[in-house]
Amino acid sequence: MRVLVTGGAGFLGSHLCDRLIADGHHVVSLDDYSSGRPENLRQLEGNPRLHALRADVRHPIELAATPLDGLDRLYHLACPASPTAYQRDPIGTARTAFQGTLEALELARRTGARFLLASTSEVYGDPEVHPQPETYLGHVNPIGPRACYDEGKRIAETLSFDFARQHGVDIRVARIFNTYGPRMADDGRVVMRFLASARRGEPLVVHGAGDQTRSFCFVSDMIEGLTALMEANEVQGPVNLGNDHEVTILELAQAIIQLLRSGQPIEHLPEREDDPSRRCPDMGVARRHLGWMPSVQLEEGLAHTLAWLEGRSPAGSNGQ
Ligand code: NAD
Ligand code: UDP
């Protein structure tokens, strides 16, 4: 098939390109390299079925700029993803979420491609329902520092469903929960931040008391989930993709200190504004409709990620 991956040089996008190329597809990665890196696609250099296009998804996407003569699948991932990155230029983030998704959907409409949006658990905000099922409508502060991203992804979902209703575009919406692994940049997100600090012998900095929770999914599981969702038939609404093993941020810090046997102290900074206090996916829809469940345990995924950081393994999503 002919596949476009926006954000293809990013963390998830590059693993997705690996997988699509391995499956025999013709792939174009579209990326402006604002947070992604050309190195993330280096392993595919010289592969005639991979074409890397530098472009900003907020501008109309011309298929003519690619070697593809049509499009069968469009994975739309381009968007700053870490709180540090998306809050650096919040208006730009909101534009990427809205205009970028609009341009990607327009291309899907013109070409008849099936479209998958990389949405996020952030659409649930600081949830009052736990774990979060897809039917939960969320609890988002529309004027806070996270809103450019949270509300951005919410309008991106709205656009996707309106393109399905109004133009008959075949859409999939993945609500991705915190995912980590090799190639993830040290961009402020907690797993890479803690691993980087522990390796440098610096204290691990926890915001607030550290009793807020997240549920971390290893990248190989997420890529499996994304491709399964794209190829599934009869998917009506959004689908949570993630791991439902929930840990506190303090437990994550302790697991990383134990993994490195580094004995670092943990320091506390004030809690971040609007930081969700609990987050864990209800995985019922993914299990029933995709037959998919993550399989990599946190300790195993952290060990793979550490091995990659230490140069002991290449950046494959399974650490091999
Ligand atoms: P990432 O920062 O590594 O990837 C994002 C990619 O999009 C980068 O390569 C970046 O250069 C590119 N990009 C950003 N703005 C662009 C623009 N205007 N035009 C073209 N390219 C642009 O982050 P990631 O973790 O790989 O996230 C990928 C997608 O998955 C994002 O949409 C993110 O919101 C979503 N997501 C990720 C997670 C996670 O835990 N990793 C969780 C929820 C949702
Ligand atoms: N966090 C932390 N120390 C850090 C980075 C993050 O305590 O160095 C906390 C953050 O406050 C949040 C959680 O870890 O409660 C996850 O943060 P991240 O930025 O990875 O992503 P989020 O899930 O908030 O989008």
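So, here's what we can say about the structure. Worth saying up front: this structure is predicted, and the values here are computed from it rather than measured. (Residues numbered from 1 in each chain as written. Chains lettered and ligands numbered in written order. Predicted model: local features only at pLDDT ≥ 70, side-chain atom pairs only at ≥ 80, totals over all residues. Heavy atoms only, no water.)

## Considerations on the site of ligand 1
Not every one of the 30 residues close to ligand 1 is listed here, only the nearest: Asp31, Ser35, Leu77, Tyr149 and Thr179. Between ligand 1 and Ser34, the relevant distance is 3.1 Å, taken from an oxygen atom to a main-chain nitrogen or oxygen of the residue. Elements that contribute at least two residues to the shell around ligand 1 include exactly helix H1 (11-22), strand E5 (114-120) and helix H4 (147-167). The element contributing the most residues to the shell around ligand 1 is E5, with three residues. (Near = heavy atom within 4 Å. Polar contact = N/O pair within 3.5 Å; in protein donor to acceptor, adjacent residues only side chain to side chain. Helix = DSSP H or I, 4+ residues; strand = E, 2+ residues; numbered from the N terminus.)

## Focus: the side chain of Thr213
If you trace the backbone, Thr213 turns up in strand E9 (residues 213-215). Residue Thr213 is classed as buried on the basis of its relative accessible area, which comes to 8%. Engagement of the side chain of Thr213 in a polar contact is seen with the side chain of Glu246, the distance being 2.6 Å. (Buried < 20%, exposed > 50% of the residue type's maximum accessible area, 1.4 Å probe, protein only.)

## Quick look at the site of ligand 2
The full set close to ligand 2 counts 18 residues, and Val190, Val205, Arg214, Asp275 and Arg279 are the nearest of them. Contact between ligand 2 and Glu122: an oxygen atom at 3.4 Å from a side-chain N or O atom of the residue. In the model, an oxygen atom of ligand 2 is placed 3.0 Å from a nitrogen or oxygen of the Gln212 side chain. The fraction of the free accessible surface of ligand 2 (520 Å²) that becomes covered by protein chains is 96%. Secondary structure elements with two or more residues in the shell around ligand 2: helix H5 (190-200) and strand E8 (204-207). The class makeup of the residues in the shell around ligand 2 is six nonpolar, four polar and eight charged. (Areas by Shrake-Rupley, 256 points an atom, 1.4 Å probe, with all protein chains shown as cover. Nonpolar A, V, L, I, M, F, W, Y, C, P; charged D, E, K, R; others polar.)

## A few points about the environment of Arg58
Summarising the element assignment, Arg58 is placed in the loop between strand E3 (50-54) and strand E4 (73-76). Taking C-alpha positions, Arg58 is 7.1 Å from Arg95, a pair spaced 37 residues apart along the chain. Filtering out sequence-adjacent residues up to four positions away, Arg58 remains in contact with Asp32, Gly92, Arg95, Thr96, Gln99, Gly100 and Glu103. Within the structure, Arg58 has its side chain in polar contact with the backbone oxygen of Gly92 (distance 3.2 Å). (Contact = heavy atoms within 4.5 Å.)

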